[in-house]
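Commentary on secondary and tertiary structure
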Amino acid sequence: MRQLFATLCLLISLQCFSQKFENIALTPPMGWNTWNKFACDINEKLIRDAADALVSSGMQDAGYQYIIIDDCWQISRDSLGFIVADPKTFPSGMKALADYVHSKGLKFGIYSCAGRLTCGKRPGSRGYEYQDALMYAKWGVDYLKLDWCSADGQNPPESYALMRDALFTAKRPIVFSICEWGVNKPWEWGKDVGHLWRTCGDILNNWNVPDAKDGKCWSGGVVINLDIQQGLEKYAGPGHWNDPDMLEVGNGGLTQSESRAHFSLWCMIAAPLIAGNDLNEMDAFTKSILTNKEAIAINQDALGNQGFKIKDYGEFEIFYKPLANGEIAICLFNRYNEKIKIDLNWKDLTSKVWSNNKLLELTAKIDRSDIKLKNEFSIVDIWSKKTLTTEKNLIVEIPAHDVVLMRLSRK
Ligand code: GAL
């Protein structure tokens, strides 16, 4: 009897600690991360400067919250096994840095790895999950990205659930970002484990160059990572997001059209908006993209639906995202290397496409003809700021690799 009671108690207590923190990341997380621009070349001054710039640039005001230190801040473990920040680059330590970030009204994020070593060959969390979680809670960490290097032989759902339980036991609500690159279909098991999961390898700072691993393309430039998201929309929602990787806007690898398209499409697919540029060297154009509040409102919509392609004519695509209160976001995406002209019939969302004044005969690869607009809507074109209506066909030119992003509200 006593044994049964003890087993029951153990099961109940395990149950209590086998959960992720609920009611956080109810909209896709927004912030800034060191990796895309600075990789391992990071230090505490860079982080403080980034926090200052997030505030002074207006990005905080636009919704960006998390300052996230990616790989290479950690150097070793102390004699008791606690993780140690590199004293050369982070002499004041992580607690002081977290305090600084918090003093700006921002949140503090950090990186580790589920394997023995991080991808930058720093100590990982394998075998130290509970100790690391305790340390993060003590420092005031609000966001943890957990990578998947040096994890041979480990089982991904189990490894990530172990850190989830460790974080929960340490009692500080922390957004948990699973960075397993989509290899083991984290969208199928991630919802109970973390708040977001990478669906692909690292984004590259270009438009469409693939990155091959074992001869298989698993990520690449903006449109490569975008294409991997189609079909995953049913797995996303408040508190559990697909993550196509961070933004490359402002890193010099994209044209202005491509930057606008990248940001708009990340808004449409409810991707986490984690900027990855140098916030202190940001030009006016980059700032205008990253802080467009109407585009961000589509990303942060309370319904938490991930938008998806409803028409795919190869190089011309239409994305659709249902929003709260019966509103809709539509994004017309020109993947051609030249400008095109569109004539869009709002009723059934069919369109004619011209390139060089020649009408293209396009056959749709994806055609969600079940999605029709049953009412009349007024339209705001998010980038041109024009207002339109669905009573008339939309006739518009779209530059190469660019978008028209629109919000539709019932009349
Ligand atoms: C990769 C990860 C990147 C970055 C890098 C750090 O595995 O996908 O986003 O965190 O490791 O080494």
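Up top is the structure these notes are about.
Below is a short write-up of the structure. No experiment lies behind these values; they were computed from the predicted model shown.

Definitions and limits used
- For every chain, the first residue of the written sequence is number 1, and numbering continues from 1 along that sequence.
- Totals for whole chains, interfaces and linings use all residues, but because this is a predicted model, local features are given only for residues with pLDDT of at least 70 and pairs of side-chain atoms are given and counted only at 80 or more.
- The side-chain numbers reported here are obtained from all heavy atoms of the structure, hydrogens and water having been left aside.
- By the criteria applied, helices consist of DSSP H or I runs no shorter than four residues and strands consist of E runs no shorter than two, each listed in order from the N terminus.
- Salt bridges are counted wherever a side-chain nitrogen of Lys or Arg sits within 4 Å of a carboxyl oxygen of Asp or Glu.
- By convention in this document, the label disulfide applies to cysteine sulfur atom pairs within 2.5 Å.
- Residues are counted as near a molecule or strand when any one of their heavy atoms sits within 4 Å of it.
- Counted as a polar contact is a pair of N or O atoms within 3.5 Å, where, for protein atoms, one must be capable of donating a hydrogen and the other of accepting one, and residues adjacent in sequence contribute only when both atoms are in side chains.
- All accessible-area figures derive from a Shrake-Rupley calculation using a 1.4 Å probe, and residue coverage is judged against the displayed protein chains alone.
- Gly counts as polar in this scheme, as do all residues outside two lists: the nonpolar Ala, Val, Leu, Ile, Met, Phe, Trp, Tyr, Cys and Pro, and the charged Asp, Glu, Lys and Arg.
- Exposure is judged per residue with a 1.4 Å probe applied to protein chains only, and the accessible area is read against the type maximum: over 50% gives exposed, under 20% gives buried, and values in between give partly exposed.
- Should any heavy atoms of two residues lie within 4.5 Å, those residues are considered in contact.
- Only buried Ala, Val, Leu, Ile, Met, Phe, Trp, Tyr and Cys residues count toward a nonpolar core, and they belong to the same one when joined by side-chain atoms within 4.5 Å.
- Strand pairing requires that DSSP identify at least two bridges connecting the strands.
- In this analysis, axes come from line fits to C-alpha atoms, helices being fitted only over the stretch in contact, and the angle between any two N-to-C directions falls in the range 0 to 180 degrees.

Some points on unusual backbone geometry
Although it is not a glycine, Ala-39 sits at a positive phi angle of roughly 45°. In this fold, Ala-39 is placed in the loop between helix H2 (35-38) and helix H3 (44-56). Of note, the phi angle at Trp-181 is positive, near 65°, even though the residue is not glycine. Along the chain, Trp-181 turns up in the loop between strand S7 (175-178) and helix H8 (186-189).

Section: the pattern of salt bridges
Scanning all chains against the criterion turns up 21 salt bridges. Among the salt bridges present, the one from Arg-172 reaches Asp-142, with a minimum N-O distance of 2.6 Å. Of this pair, Arg-172 sits in the loop between helix H7 (156-170) and S7 while Asp-142 sits in the loop between helix H6 (129-139) and strand S6 (143-147), placing them 30 residues apart in sequence. In this structure, Glu-327 and Arg-407 form a salt bridge, with 3.2 Å as the shortest nitrogen-oxygen distance. Here Glu-327 is found in the loop between strand S14 (316-322) and strand S15 (328-334), whereas its partner Arg-407 is found in strand S23 (residues 402-410), with 80 residues between them in sequence. Connected through salt bridges with shared partners, the residues Asp-227, Lys-309, Asp-312, Glu-317 and Arg-335 form a single ionic network.

Comments concerning the state of the cysteines
Counted according to the given criterion, the structure contains two disulfides. Of note for the protein chain: the bonded cysteines, numbered N- to C-terminal, pair according to 1-2, 3-4.

Structural notes on the site of the ligand
Lining the immediate environment of the ligand, one finds Trp-35, Asp-70, Asp-71, Tyr-111, Cys-119, Gly-120, Lys-145, Asp-147, Cys-179, Trp-181, Arg-198 and Asp-202. One of the side-chain nitrogen or oxygen atoms of Arg-198 is found 3.0 Å away from an oxygen atom of the ligand. Here the ligand has 310 Å² of accessible area as a free molecule, and 95% of this is covered by the chains. For the shell around the ligand, the residue count by class is five nonpolar, one polar and six charged.

Section: the side chain of Asp-132
Positionally, Asp-132 belongs in helix H6. The exposure class assigned to Asp-132 is buried, which follows from its relative accessible area of 0%. What Asp-132 contacts, discounting residues up to four positions off in sequence, is Arg-77, Ile-83, Ser-112, Gly-124, Ser-125 and Met-163.

Regarding the nonpolar core
Among the nonpolar cores identified, the biggest contains 106 residues, and Tyr-64, Trp-73, Met-94, Phe-263 and Trp-266 are the most heavily contacted of them. Setting aside its immediate chain neighbours within four residues, Tyr-64 contacts Met-30, Gly-31, Leu-54, Met-59, Leu-106, Phe-263, Leu-273, Leu-290 and Ile-296. Counting 27 residues, the second-largest nonpolar core is a separate cluster that includes Phe-308, Leu-344, Leu-349 and Val-353.

Observations regarding the sheet that holds strand S18 (residues 358-360)
Spatially, the four strands line up as an open sheet ordered S18-S17-S16-S22, and their pairing is antiparallel. Only two strands of the sheet have a single partner each, and these edge strands are S18 and strand S22 (394-398). For this sheet the average axis-to-axis angle between neighbouring strands, irrespective of direction, equals 25°. As defined by bridge partners, strand S16 (residues 340-345) adjoins strand S17 (residues 350-355) across six bridges and the pair is classed as antiparallel. Within S17, the position partnered with Asn-345 by the bridge is Thr-350.

Describing the sheet that holds strand S19 (residues 366-367)
Spatially, seven strands are ordered S19-S13-S14-S15-S23-S20-S21 in an open sheet, and the strand pairing comes out antiparallel. Both outer strands of the open sheet, S19 and strand S21 (387-389), are each paired with one neighbouring strand and no more. Bridge count between strand S13 (residues 308-312) and S19: two bridges; the pairing is antiparallel. Bridging across to S19, Lys-311 finds its partner in Asp-367.

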